[in-house]
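Tertiary structure, described
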Amino acid sequence: MDLQVLRSFQAVAEGTTVTDAATDAGITQPALSRALARLEDEVGAELLQRVGRVLRLTPAGRVFKEYVDGVLDHYDRGRRAVSEMVHPDSGVVSLAFLHTLGTWLVPRLVTGFRRSFPQAQFELHQDGELGLTRHLLEATADLVITSSDPGHPLVTWRRLLVEPLLLAVPSRHRLARRRRIRLAEVADERFILLKPGYGLRDITTELCREAGFTPVVAFEGEEVETLRGLVAAGLGVSLIPSSPDVAAAAESPIRYLEITDVRGARDIGIAWLSSRAVPPVARRFRDHALRASAGE
């Protein structure tokens, strides 16, 4: 049994054909088939079963794969740790972040960091609030940039900045000529929100509650860009993060109004797993992000 056979088993178990897995491993398809058969002999059970033209995991295979995933993950993390010890300035920063931050904040932080550490590499993941916490807990990211403290006992969070939230209305809306508005003034409007489980959804409903009403939900989406598109189509209003791309959208079919009666803003912060050491290059990126947010 060797690591390459385990990687090939993992790939086939996750849907890759034996032919493609063999190509990735640099061997012939018959050679890989024999290697998988030897693996089953060593384990003492049938791991893969042909169903039609594809191989599927047997019950024993599903159990075995859980341990294979762990072995390969520990091996890869061990290699990475050694590499980062030998070359601390050229490791990989595994970073997960909210979709809306990928258009401005993350590129800005990465560009600034690479000026000092040009050999650093980045592995980037985009996700919603709940998914970001899972990235930390499942060790698929060293750092996450998210809105508000996840509130998890194993996660440490530090604020980077406060991002304003603006009320987005269609350009032909009755309020489109206004620059500022009390959120209570749109209590009777139809709102376009992210689906439950997203941080911006919780913030929006809480701000509406503070303004004295429960929003009437017209549509739900999974990305802020979807919210913008529905607002532009005249289907409702929405609270949108005021990132630079919003501020520059003077010619868009949407108008953005400042909210005056409640705190129209959300915290943006960086988080990491308290119980796991942050790799050197990721630690340097974290410190860079915190310094940049402090204006240093």
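Each remark here, short or long, concerns the structure printed above.
As a starting point, this report considers the structure included with it. (Residues numbered from 1 in each chain as written. Predicted model: local features only at pLDDT ≥ 70, side-chain atom pairs only at ≥ 80, totals over all residues. Heavy atoms only, no water.)

On to the pairing of strand E3 (residues 92-98). With 6 of its 7 residues buried, E3 lies for the most part within the structure. Of the pairings in the sheet, the one linking E3 to strand E4 (residues 121-127) comprises 7 bridges and is parallel in character. Each bridged residue has a counterpart across the sheet, and for Phe97 the counterpart in E4 is Gln126. Between the parallel elements E3 and E4, the chain passes through helix H5 (residues 105-116) in a crossover that is right-handed. With 3 bridges joining them, E3 and strand E5 (residues 143-147) adopt parallel strand pairing. Residue pairing in the sheet places Ala96 in a bridge with Val144 of E5. (Buried < 20%, exposed > 50% of the residue type's maximum accessible area, 1.4 Å probe, protein only. Helix = DSSP H or I, 4+ residues; strand = E, 2+ residues; numbered from the N terminus. Pairing = 2+ DSSP bridges. Right-handed = clockwise from strand over helix to strand, strands pointing away.)

This part is about the environment of Phe64. Within the secondary structure layout, Phe64 lies in helix H4 (residues 59-86). Between the C-alpha atoms of Phe64 and Val43, which are 21 residues apart in sequence, the distance is 8.6 Å. In this structure Phe64 touches Leu6, Phe9, Leu39, Val43 and Leu47, once residues within four positions along its chain are discounted. (Contact = heavy atoms within 4.5 Å.)

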